[in-house]
Amino acid sequence: VTLETIDHKHPLAASIVDTMLDWKLDWLDKRGLVGGVVRSNGFRAFVKGLMEPPTYQTSNPVCFALLQNNKPMASFLCMPDNDILHCYFTAFEPEKAEHSPGLILIHKIIDWMSATPLRYYDFEGFPEPYKDKLATNKVELFDVMVPLSIKGRLAVTAKKIPSRKIIKTLFYKLPKGLRS
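Rules behind the numbers
Residues numbered from 1 in each chain as written. Predicted model: local features only at pLDDT ≥ 70, side-chain atom pairs only at ≥ 80, totals over all residues. Heavy atoms only, no water. Helix = DSSP H or I, 4+ residues; strand = E, 2+ residues; numbered from the N terminus. Buried < 20%, exposed > 50% of the residue type's maximum accessible area, 1.4 Å probe, protein only. Contact = heavy atoms within 4.5 Å. Areas by Shrake-Rupley, 256 points an atom, 1.4 Å probe, with all protein chains shown as cover. Phe/Tyr/Trp six-rings, centres within 6.5 Å; stacked < 30°, edge-to-face > 60°. Polar contact = N/O pair within 3.5 Å; in protein donor to acceptor, adjacent residues only side chain to side chain. Pairing = 2+ DSSP bridges. Axes fitted to C-alpha atoms, helices over the stretch in contact; angles between N-to-C directions. Parallel < 35°, antiparallel > 145°, perpendicular 65-115°, else oblique. Left-handed = near helix turned anticlockwise from the far one by under 90°. Nonpolar A, V, L, I, M, F, W, Y, C, P; charged D, E, K, R; others polar. Salt bridge = Lys/Arg side-chain N within 4 Å of Asp/Glu carboxyl O.

Which parts of the structure should I look at to understand the overall build of the chain?
Looking only at helices and strands, the chain has eight helices and five strands in total. Secondary structure elements of the chain, listed N to C terminal, follow the sequence β-α-α-α-β-β-β-α-β-α-α-α-α. Going through the 180 residues of the chain one by one, you find that 31% of them count as buried. Considering only residue pairs separated by 6 or more positions, the chain has 59% of its internal contacts joining residues 24 or more positions apart. About 11700 Å² of surface is accessible on the chain, with carbon and sulfur atoms providing 59% of the total.

Sorry, what's going on with the environment of F123 here?
Relative to the helices and strands, F123 is located in the loop between β5 (120-122) and α5 (129-134). Given a relative accessible area of 15%, F123 falls into the buried group. In sequence terms F123 and C87 are 36 residues apart; their C-alpha atoms lie 5.3 Å from each other. Setting aside residues no more than four positions away along its own chain, F123 makes contact with C87, I106, Y130, K131, L134 and A135.

What exactly am I supposed to notice about the packing of aromatic side chains here?
Aromatic ring pairs are defined here through the distance separating the ring centres and the angle between the ring planes. All chains considered together, the criterion is met by four aromatic pairs. Between F43 and F89, the ring centres sit 5.3 Å apart and the planes meet at 75°, which makes this aromatic pair edge-to-face. Placement of the pair is F43 in helix α3 (residues 41-50) and F89 in strand β4 (residues 84-92), with a sequence separation of 46 residues. Measuring from ring centre to ring centre gives 6.3 Å for F76 and Y121, while their planes differ by 55°; the resulting arrangement is tilted.

Teacher, can you tell me more about the side chain of T116 here?
Note on placement: T116 falls in the loop between α4 (101-113) and β5. The class for T116 is buried, based on a relative accessible area of 15%. For T116, the side chain forms a polar contact with the main-chain oxygen of M113, separated by 2.8 Å.

Explain the sheet that holds strand β1 (residues 2-6) here, please?
To summarise the sheet geometry, strands pair through backbone hydrogen bonds and adopt either a parallel or an antiparallel arrangement. Strand order in the open sheet made by the five strands is β1-β2-β3-β4-β5, with mixed pairing throughout. At either margin of the open sheet sits one strand with a lone partner, and together these are β1 and β5. Strand-to-strand twist across the sheet, computed as the mean angle between neighbouring axes with direction ignored, equals 30°. Pairing of β4 with β5, which is carried by three bridges, proceeds in the parallel orientation. If you follow H86 over to β5, its bridge partner there is D122. Sheet contacts for helix α1 (residues 13-31): β1, β2 (62-68), β3 (71-81) and β4; angle to β4, the most-contacted strand, approximately 65°.

Whenever I open this one, the packing of α1 against α3 confuses me. Can you help?
Each pair of packed helices can be summarised by the angle the axes make with each other and by the distance between the axes. It is the contact of α1 with α3, at a shortest axis distance of 9 Å, that shows an interaxial angle of 140°. Judged by the angle between their axes, α1 and α3 are oblique. Crossing geometry of α1 relative to α3 is assigned as right-handed. In this structure, α1 uses A14, V17, D18, L21 and L25 to contact α3, whose residues at the interface are F43, R44, V47 and K48. Broken down by class, the residue content of the contact of α1 with α3 amounts to six nonpolar, no polar and three charged.

Sorry if this is basic, but what is going on with the environment of F76 here?
Along the chain, F76 falls in strand β3. Taking the C-alpha atoms as reference points, F76 and A65, separated by 11 residues in sequence, lie 6.5 Å from one another. With near-sequence residues (within four places) excluded, F76 lies in contact with M20, V62, C63, F64, C87, F89, T90, G102, L105, I106, I109 and Y121.

Looking at this structure, how should I read the pattern of salt bridges?
Any two side chains of opposite charge can pair, given that their charged atoms come close. Evaluated as defined, the whole model comprises five salt bridges. Where D26 meets K30, a salt bridge forms, and the shortest distance between an N and an O atom there is 3.3 Å. With D26 and K30 both in helix α1, this residue pair falls four residues apart, about one helical turn. The network of salt bridges with shared partners includes D18, R44 and K48.

Dropping the structure here:
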């Protein structure tokens, strides 16, 4: 298994985003999750656009991938900015899930960062237990949550419970239709 840096010039640049989206959609479908953003054409266009050559408006986006026999098995689409590496989108081959390829990739990227001016790895996105375990710092992007619906009330209540792991476990025990 090797760590590969895929930029807009790399032979996998044209296909890596589609591969990542296929993996993510498979992951969502197996868990009965909607994932409306990931399924949208706008998101696909945005993420694919990140792999195009940089312009005066963008820095140089990069995709880190774990390759096994020159075939991707996990990848993170990132954007360096000053001393921060922002992770925008991540996915892994579903068949390799039991081996935690995403965590292996994170550790390899952090090792790679030690030889660069990058000092912070920003996970971005939704809270996940692995992010809490690996993070040294957490910045909330909101001060107040105001529920506007029953789903909102559930989300606010869930946010107040310290262990999201319990909620996740209970969530995946719900019937697939109810999760959707």
